[in-house]
Structure formats: structure tokens, C-alpha cells
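# Structural features, examined
Here's the letter readout for the chains.
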Amino acid sequence: MGFGIRTLWGIVVAVVAAVVVFLTAGPGPAIITLVGGIAAALVASEGEATGAEEDDRQIEDGDTLSPLLTEALDAIVEPVLLIERGRVTLANRAARTLLGAHIVGEDARIAIRHPAAAAERLMAPGATAPDHPISLVGLGSLDHRWEMRLADTSSGQRIVHLIDQTAHDAAERMRVDFVANASHELRTPLASILGFIETLGDEAGEDAEIRARFLKVMFDEARRMQRLVEDLISLSRIEADKYRQPAQPVAMADLVQHVWDEFLDSGSPRAEDIDCDVAEGLPPIAGDRAQLSQMLHNLIGNAMKYGRADTPVRVTLDRDGPMLRLTVADRGEGIAPGHIPRLTERFYRVDSGRSRSIGGTGLGLAIVKHIVERHRGRLDIASEVGVGTTVTVRLPPIKSSEKPVSEGTVTKPQ
């Protein structure tokens, strides 16, 4: 099909208008402007060439108005439909995938089945499309959420643009849950501190033994709040750098030795249970040394807390194909399979009471996950109830490194 000068000029105007709308209002309105302008130009061209009778035949048969318009619509990754006289005349590839290829030529209310009045908005004769988007739930799957935007063309068609809001809504729910959980975690120790302060202000403060016991509880709760705030700040910083891949070479064997020394110097009674084994000739990785150190502290610290007393905490660093593999294993109560997928969620605890009693904030494994993701690695957690838990981190070495860092097996310091 050939195009006249008027039609081509209409398409050019539509593209220019879409660019202007994109710069001022964003991609959603720009898509509607572009599709509407092209549709109006092409429909006008079709009308001049074939007349109203041919238009009716195209609507009845579900034919596309133009190969050019079809290609333009298919290039849009979000579902877009063109409706005329209550029937779907065009649907791009994304819309056909979501709603089915049979929707072209169907009644729009059948194509977009929804219990709310949203479908009726598609059919409102003579009514202008609403300026505000319409929320839809259940298209494609029950948990999918969509935002439907409508716009009218000068030729009387209605453009339907569906925007997937599932990820956005999930992120918003995570943000709300995060704020609620953080508030709860801070409110509990704060309430305890305030209660003891009030009690000390009464006659209880005159008894030296009671005063000392209350002050210790207040100190422990304050330290718990401090750890939580520090972990929240740390998690925020790691997420801010999520897409900035670190480039400094880090020798993981040296770092494991350094962290091990820090645990031994801490005076923890379980530090002597740490058993490290590092393979020879491991290449460096591109990493953030501070974050990798934090990852090791969290993993080894968890193994010490949740493993049974006087049982080994085994830390192994070796090769796994092209990757470096860090493994931290404990012998403890283990974790039931149903909990494992949620262990890296913020504030998720298998046993809330026990976690709080040993000083956990519920953010340790969430921090580990984000550190591993930033270093383009992989985190795996395996556990068996009554046996123990093994956490494995795989990290890619520096590709351009030709000379591996020569390091032997780490031995326990004397």
C-alpha cells in the first residue's frame, strides 16, 4: 500500500509530538501519542483509498489496518490495543501474548475481562477517555497488576495501553514491610530502655544491686539498637552501590586469614572452633575489601552463634571450575526446608526469640546476599535439621589476571 504526502506528513508529526511528550511527561503518554498519531494518519489514508465499506470489512475480519502500524505496535514491549466501534482492530505482539491472538476482531469487553467497571470504559460511546489510569488485577495471572491508560484519536478510535505494575507494587509492599519491621525492631528495645529509666527514677534506683542489673539491661538494649542502625546503614550503602561493580583486586585467602585473626582476638569462646582451609594458587577477585570482610564476619559469626558449642566451624576456600568457592559450615540444629528460601529476606528469622537473645538483627544474610550480588557471585544455602547448615558463596576471579596469588593452606595461628 502506498502512502500520500498527507499521510507521511501525519506520521512525521506524530513522531515529533511523541518525542515532545516523552521529554515532558514520560514514556507512557508518549507511546499513546505516537500510536494515536500514526493510527490517525493511516486510518485517514485507508479511508481515502477504500472508503467506509472497506473499514467495516477490516473490523469484521480482524485485519490490521496497515503493516507499518502493526510493526510499530509490535516494537512496543508493553501491551497496546486499538479499539474502534467497541471492537479490537489492532493488538501488538505483547497484547496478543497476554490476552491471546484471538482478541483481534473481538468485543473489547471480552478481550479485557474484568469484574470492575474498567472494561466499560472501553466502550463508553462519545465519552472521552479518563485522564487518570485504571488499575486492573488478574490479567495474565492472578497476582499480576496492570495500569490501563486510555486515549482517543481524532478519527474516533480508542487506544489502550497496559503497563505492568506488578514489580512496582511488590517493591512498594517490600518498602512498607521494611519500614514497619525496622520500626518494630527499634521500638522494642527503646520501650525497654524507657521502662527501666522510669523505674530507676523511682525508689528502685536506690538499691545498688537492682540499679546495676537494670543498667546492664539498658546497655544491652542500647547496643542492640546500635547494631540494628549500623546494619540498616550498611544495607543502604550496599544497595546504593549495587550496580557499581568493584574493581580493586582482593586476595580472598589473605582476607579469610585476617577475619580469622579478628575472631581469635575478640576473645569469643567459640573462636577456637573455627577451622580454615584455603587452597593454593588462588587468583584475586575484583571486589570491595570492606564489604567482603563484612560478608565473612556475618557468615562465620552466624555459624558460631547457631552451631552447637565445641563443634567445628569449617571455612573452606577453593576453586569450583572458573569460580572461587567459599564455604562456611556449622554443626547445629539446622533449618527446615520451608525456611531456606526466605532466609535472605530482611528481618526474617527462623526463631525470633533465639535470634534476638544472641544479638541478631535479622539483616545479616540480607546484607550477605546484596554483597554477593554486587560482586556478580552466587549464594547457596543448604541445611539439614539436626545436622547443621552450609553456606556457599561463589565469586568470579579477575579475568585479566595472569599471575595468580600464590598462597598456601592457612594454618591456625599459635
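Residues numbered from 1 in each chain as written. Predicted model: local features only at pLDDT ≥ 70, side-chain atom pairs only at ≥ 80, totals over all residues. Heavy atoms only, no water.

Attention now moves to the overall build of the protein. When helices and strands are tallied, the protein shows 12 helices and 12 strands. When the accessible surface of the protein is totalled, it reaches about 22100 Å², and 55% of it is carbon and sulfur. (Helix = DSSP H or I, 4+ residues; strand = E, 2+ residues; numbered from the N terminus. Areas by Shrake-Rupley, 256 points an atom, 1.4 Å probe, with all protein chains shown as cover.)

Another aspect to go through is the pattern of salt bridges. Under the definition given, this model contains 17 salt bridges. Measuring nitrogen to oxygen at the nearest pair gives 2.7 Å for the salt bridge that ties D152 to R158. Residue R374 is joined to D288 by a salt bridge in which the shortest nitrogen-to-oxygen separation is 3.2 Å. With R374 in helix α12 (residues 364–374) and D288 in the loop between β8 (285–286) and α10 (289–306), this pair connects stretches of sequence that are 86 residues apart. Residue R374 is classed as buried on the basis of its relative accessible area of 5%. When salt bridges with common partners are traced through the structure, they connect D318, D320, R325, R378, D380 and R394 into a single cluster. (Salt bridge = Lys/Arg side-chain N within 4 Å of Asp/Glu carboxyl O. Buried < 20%, exposed > 50% of the residue type's maximum accessible area, 1.4 Å probe, protein only.)

In this fold, L379 is placed in strand β11 (residues 378–384). Here the alpha-carbon distance between L379 and V368, two residues 11 residues apart in the chain, equals 8.4 Å. In this structure L379 touches T344, V368, K369, V372, V391, T392 and V393, once residues within four positions along its chain are discounted. (Contact = heavy atoms within 4.5 Å.)

Bringing the packing of helix α7 (residues 166–200) against helix α8 (residues 208–240) into the picture now. Two elements in contact, α7 and α8, have axes separated by 9 Å at closest approach and are oriented at 160°. Relative to α8, the element α7 lies roughly antiparallel. The way α7 lies across α8 gives a crossing that is left-handed. For the contact of α7 with α8, the class distribution of residues is 18 nonpolar, three polar and four charged. (Axes fitted to C-alpha atoms, helices over the stretch in contact; angles between N-to-C directions. Parallel < 35°, antiparallel > 145°, perpendicular 65-115°, else oblique. Left-handed = near helix turned anticlockwise from the far one by under 90°. Nonpolar A, V, L, I, M, F, W, Y, C, P; charged D, E, K, R; others polar.)

Turning to the nonpolar core, a few remarks are in order. Membership of the largest hydrophobic core comes to 47 residues, with the highest contact counts inside it found for M252, I274, L292, M295 and L299. Other than its neighbours up to four places away in sequence, L299 contacts L326, V328, L365, V368, V391 and V393. Within the second largest apolar cluster, 18 residues are counted, among which are I83, L99, A108 and V160. (Core = buried A, V, L, I, M, F, W, Y, C linked by side-chain atoms within 4.5 Å.)

So, on to α8. Taking 1.5 Å of rise per residue, 33 residues should cover 48 Å, and α8 covers 48 Å from first to last C-alpha, within 8% of that figure. Residues F214, M218, E221, R224, M225, L228, D231, L232, S234, L235 and I238 constitute the buried set of α8. (Expected span 1.5 Å × (residues − 1).)

Taken together, the side chains of L190, L194 and I197 define a hydrophobic patch exposed on the protein surface, amounting to about 270 Å² of accessible area. Within the fold, L194 resides in helix α7. (Patch = residues over 30% accessible without salt bridge, like charges linked within 9 Å, V, L, I, M, F, W, Y side chains within 5 Å.)

In this model, D310 sits at a positive phi of 65°, which is unusual for a non-glycine residue. In this structure, D310 sits in the loop between α10 and β9 (313–320). In the Ramachandran plot, R376 falls in the positive-phi region, its phi being about 60° despite a non-glycine side chain. Inspection of the secondary structure assignment puts R376 in the loop between α12 and β11.

Moving on: the environment of L282. Note on placement: L282 falls in the loop between β7 (274–278) and β8. For L282, a relative accessible area of 4% gives the class buried. C-alpha of L282 to C-alpha of A251: the two residues are 31 residues apart in sequence and 8.0 Å apart in space.

Attention now moves to the sheet that holds strand β3 (residues 134–137). Read across the open sheet, the five strands follow the order β2-β1-β5-β4-β3; overall the sheet is antiparallel. Pairing within the sheet leaves two strands with one partner each, and these edge strands are β2 (87–91) and β3. On average, adjacent strands in this sheet sit at an angle of 30° to one another, irrespective of strand direction. (Pairing = 2+ DSSP bridges.)

Spatial ordering of the open sheet is given by β7-β9-β10-β12-β11, a layout of five strands whose pairing is mixed. Every interior strand has two partners, whereas the edge strands, β7 and β11, have only one. If you compare each strand with its neighbour and ignore which way they point, the axes differ by 15° on average. Relative to β9, β7 runs parallel, the two being bridged by five bridges. Paired with V278 across the bridge in β9 is L317.

Quick look at the pairing of strand β10 (residues 323–329) now. For β10, the tally of buried residues reaches five of seven residues, placing the bulk of the element in the interior. Where β9 and β10 come together, seven bridges link them in antiparallel fashion. Each residue of the ladder has a partner; that of T316, found in β10, is T327. Hairpin geometry of β9 and β10 is characterised by an intervening segment of two residues between the two adjacent antiparallel strands and by a positive phi of about 65° at G321. With six bridges joining them, β10 and strand β12 (residues 388–395) adopt antiparallel strand pairing. What sits directly across from L326, in β12, is V393.

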